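# An overview of the molecular structure
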Amino acid sequence: MPEVLKAPLVVEFPFTRSLGPVQSAFLTALRQRVVLGVRTRDGRTLVPPVEYDPVTADELSDLVHVGVTGTVTTWAWNPAPRRGQPLDTPFAWVLVRLDNADTALLHALDAPGPDAVHTGMRVRIRWAEERVGAITDIACFEPDDEEAAEVTVHVGEFDDPVTGIVAEARLDYTYSPGRAQTAYIKALENERRAVGERCPSCRKVYVPPRGACPTCGVATSEQVEVGPAGTVTTFCIVNIKAKNLDIEVPYVYAHIALDGADLALHGRIGGIPYDQVRMGLRVEPVWTEDGRYPDHYRPTGEPDAEYDTYKELL
Amino acid sequence: MSKEPVAVVGIGQTKHVAARRDVSIAGLVREAARRALDDAELTWADIDAVVIGKAPDFFEGVMMPELYLADALGAVGKPMLRVHTAGSVGGSTALVAANLVAARVHGTVLTLAFEKQSESNAMWGLSLPIPFQQPLLAGAGGFFAPHVRAYMRRTGAPDTVGSLVAYKDRRNALKNPYAHLHEHDITLEKVQASPMLWDPIRYSETCPSSDGACAMVLTDRAGAARAPRPPAWMLGGAMRSEPTLFAGKDAVSPQAGKDCAADVYRQAGISDPRRDIDAVEMYVPFSWYEPMWLENLGFADEGEGWKLTEAGVTELDGDLPVNMSGGVLSTNPIGASGMIRFAEAALQARGQAGEHQVDGARRVLGHAYGGGSQFFSMWLVGSQPPDA
């Protein structure tokens, strides 16, 4: 079997988050080197604080000041930190119950090795030098052997509160288009031929091929060359510039049924004023030097296709 | 054994707006859920299970939001499910919840759908830069606009019909305090003068991007008997799906939509939807989808849907009002939009839609679709229980 294409696909985006009153107070307090918990009606103190009681579903707003030292309740050694984690040297993931809190906070513990970590050990917050009102204001935890300090009540009100954060999300994939699309892409790229696959059951020709027929659910393998010319089945005129596309507006975005294909693919129409494009227009691909796909399609000059010849493809 | 009748006894929505920066996602869903419970005069303890829905995770970047939202929705110690069917998800979520009651798995279920689009990027989430593939050449409107042109060609509809729908829905929204867009100075001329974005779709014929949530309390016959306000009864509900693109797909009037409607009508004993159904809340993100769905749902013969719109039949005071709430064209927190259709249909059947109430609405259809006309979900609700 010929080699199947593969490439990295990185999906990332800086999402914004509105915090609501409780998270706003929590993160603003971190900026001031203060850790806040929230008190439930039955007197438990939850850290990190939550907006709604996980037991009773009550709305919570009674913020209290807890310690910056605490006790490790459980842990796991992380020998190989990954991108974006709190420390870039090996560290322990720890759940820390801060003094005066009833629940534990997940964070990183800076320790020389797993032998230096144990459940029940005392730890202390190491604050980040620059604090912005984010969980990363706690750089990490470090071992501590001082006695638990007395903790005061804090009203949770600060000047210039943090009301939103930016949460960077990133996923790393290896993407492969699979056997059928690889063959399609290579024939286009190397020979400028559009090669689809025919379903052995319904006989429909799919371009690009998917390796299986979506209606019959059977594998496809019989290759069928289609095009290069085709018919505009329908289209729209795009008048707003897309962010990542370097195309002058207005332009025509069309559904094009290549001759011999049983469903339309999508492409841009050029070589004709945008307001003269019509359903049924006969078109052919126009390639640029290094394109993997046709740059656009232009009129062939043939008479328009009759509506009846493509209406089933709409 | 027959199914348990399902009643809607509580409905809650947030005031839909462009950005709710004052609340977290948890705070947003809580607000809608609390209003639905208040409407039903119930507490968290009365709820047996929670079923939620939203659009794809990457719209907002919260993976599996159902985990994080369990506290806010009082779901701790109870079953909690999340449903995921793209833009139709609000409808499918309600149906999954309804089926739990119909099957007597649970007596009372809270169902909710939401989207906080101000914290998301739906356009980006839908067009990932897939290696080796040609970049998408147009946005969401560009995806649907060619289908609208195909509809116009197929039916000979005059090109003014889209603006009539937008003008109607925006005026209806003025009577709905929860609607996002309240364009007090809207005129037909303004709609028709708005910029052509994806010809044949104009700016004013597209939906806004909203933050919002919608919740319903569904219950069994015993629960309905205790309800403080009149319930809406589910008379039929169905979902259908088909691939977004396949050879033979009718993108103008998808088979899955026809089959879904036919199933609902069969369950409800509807032989002539145009005669037997009093009003419709349908999923119309681009105005031309009103005449298209009128045909797809069997309210008009093929090629005739636009004539109902043009004749004013779908106006609030028409013979078959459509999108009395202002519809998706006036409010679109994507994941919630389907549930808002279902909830607004139920509000009508309960006689509680306020200023946008259709007098004497007894049977009302709620409709949702999503994913490039891939998923369909619908329910028919009525003022009387199914066996009455």
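As recorded in an unreviewed UniProt entry, chain B goes by the name Acetyl-CoA acetyltransferase, listed as coming from Streptomyces griseorubiginosus.

The name an unreviewed UniProt entry assigns to chain A is DNA-binding protein, from the organism Streptomyces griseorubiginosus.

### Describing the overall build of chain B
Within chain B one finds 14 helices and 11 strands. Expected size for 388 residues packed as a compact globule is a radius of gyration near 21 Å; at 19 Å, chain B falls within 12% of this value. In terms of principal-axis extent, the alpha carbons of chain B reach across some 55 × 50 × 45 Å. Out of the 388 residues in chain B, the part that is buried amounts to 62%. Taking the intrachain contacts of chain B between residues at least 6 apart in sequence as the baseline, contacts between residues at least 24 apart amount to 80%.

### Brief notes about the pairing of strand β8 (residues 122–127) of chain A
Residue and element names in this part refer to chain A. Two elements, strand β5 (residues 69–78) and β8, share 3 bridges in a ladder whose sense is antiparallel. Its bridge partner lying in β8, T69 is registered against R124. Where β8 lies against strand β9 (residues 138–143), 5 bridges are found, and the strand directions are antiparallel. Bridged to R124 within β9 is E142.

### Section: the interface of chain B and chain A
Taken together, the contacts link 47 residues of chain B with 49 residues of chain A. No other element matches the 6 residues that helix α5 (residues 140–155) of chain B contributes to the side of chain B that touches chain A. Residue classes in the side of chain B that touches chain A are distributed as 27 nonpolar, 10 polar and 10 charged. Strand direction decides the pairing type here: strand β14 (residues 230–238) of chain A and strand β5 (residues 196–199) of chain B, joined by 2 bridges, are antiparallel. Considered in β5(B), the bridge of A:I237 is made with B:D199.

### Focus on helix α6 (residues 161–173) of chain B
An α-helix turns once per 3.6 residues; consequently, residues spaced three or four apart project the same way. Residues and elements named next belong to chain B. Compared with the 18 Å implied by 1.5 Å per residue over 13 residues, the 19 Å span of α6 between its first and last C-alpha is a close match. With 12 of 13 residues buried, α6 is to be regarded as a mostly interior element. Turning to α6, its buried residues are V161, G162, S163, L164, V165, A166, Y167, K168, D169, R170, N172 and A173. In this structure, the buried side of α6 is in contact with α7 (188–193), β6 (201–202), α11 (289–296), α12 (305–310) and α13 (327–330).

### Description of the domain arrangement of chain A
Along its sequence, chain A is organised into domain 1 (7–170) and domain 2 (227–314). Averaged C-alpha coordinates put domain 1 of chain A and domain 2 of chain A at centres separated by 55 Å.

### Re the sheet that holds strand β2 (residues 49–53) of chain B
All names here are of chain B. Within the open sheet, the 9 strands sit side by side as β3-β2-β4-β7-β1-β8-β11-β10-β9. Their pairing is mixed. Two strands close off the open sheet at either side, each with one partner strand: β3 (80–83) and β9 (279–281). Sheet twist, expressed as the average angle between the axes of neighbouring strands with direction ignored, equals 25°. As paired strands, strand β4 (residues 108–116) and strand β7 (residues 211–219) are joined by 9 bridges and run antiparallel to one another. From the neighbouring strand, L110 faces β7, where its bridge partner is V217. With respect to the sheet, helix α1 (residues 25–40) is in contact with β1 (7–13), β4 and β7, its orientation differing from that of β1 by roughly 140°.

### A look at the UniProt feature "domain: ChsH2 C-terminal OB-fold" (unreviewed entry) in chain A
Under the local residue numbering, the UniProt record ascribes the feature "domain: ChsH2 C-terminal OB-fold" (unreviewed entry) to residues 64–127 and 224–287 of chain A. A helix fraction of 0% and a strand fraction of 50% characterise residues 64–127 of chain A, whose end C-alpha atoms lie 19 Å from each other.

### What about the pairing of β14(A)?
Residues and elements named next belong to chain A. Across the 9 residues that make up β14, a large majority, 9, are buried. Where β14 and strand β17 (residues 282–286) come together, 2 bridges link them in antiparallel fashion. Across the sheet, residue G230 finds its bridge partner in β17, namely V283. Sheet topology note: the β14/strand β15 (residues 251–258) ladder contains 8 bridges and is antiparallel. Among the inter-strand pairings, T234 is bridged to a residue of β15, identified as H255.

Criteria and cut-off values
Residues numbered from 1 in each chain as written. Chains lettered and ligands numbered in written order. Predicted model: local features only at pLDDT ≥ 70, side-chain atom pairs only at ≥ 80, totals over all residues. Helix = DSSP H or I, 4+ residues; strand = E, 2+ residues; numbered from the N terminus. Rg over C-alpha atoms; globule rule 2.2 N^0.38 Å. Buried ≥ 20, exposed ≤ 12 C-beta atoms within 10 Å, placed from the backbone. Contact = placed C-beta atoms within 7 Å. Pairing = 2+ DSSP bridges. Nonpolar A, V, L, I, M, F, W, Y, C, P; charged D, E, K, R; others polar. Expected span 1.5 Å × (residues − 1). Domains from an automatic or database assignment. Axes fitted to C-alpha atoms, helices over the stretch in contact; angles between N-to-C directions. UniProt positions renumbered as here; feature names shortened; annotations may be inferred.

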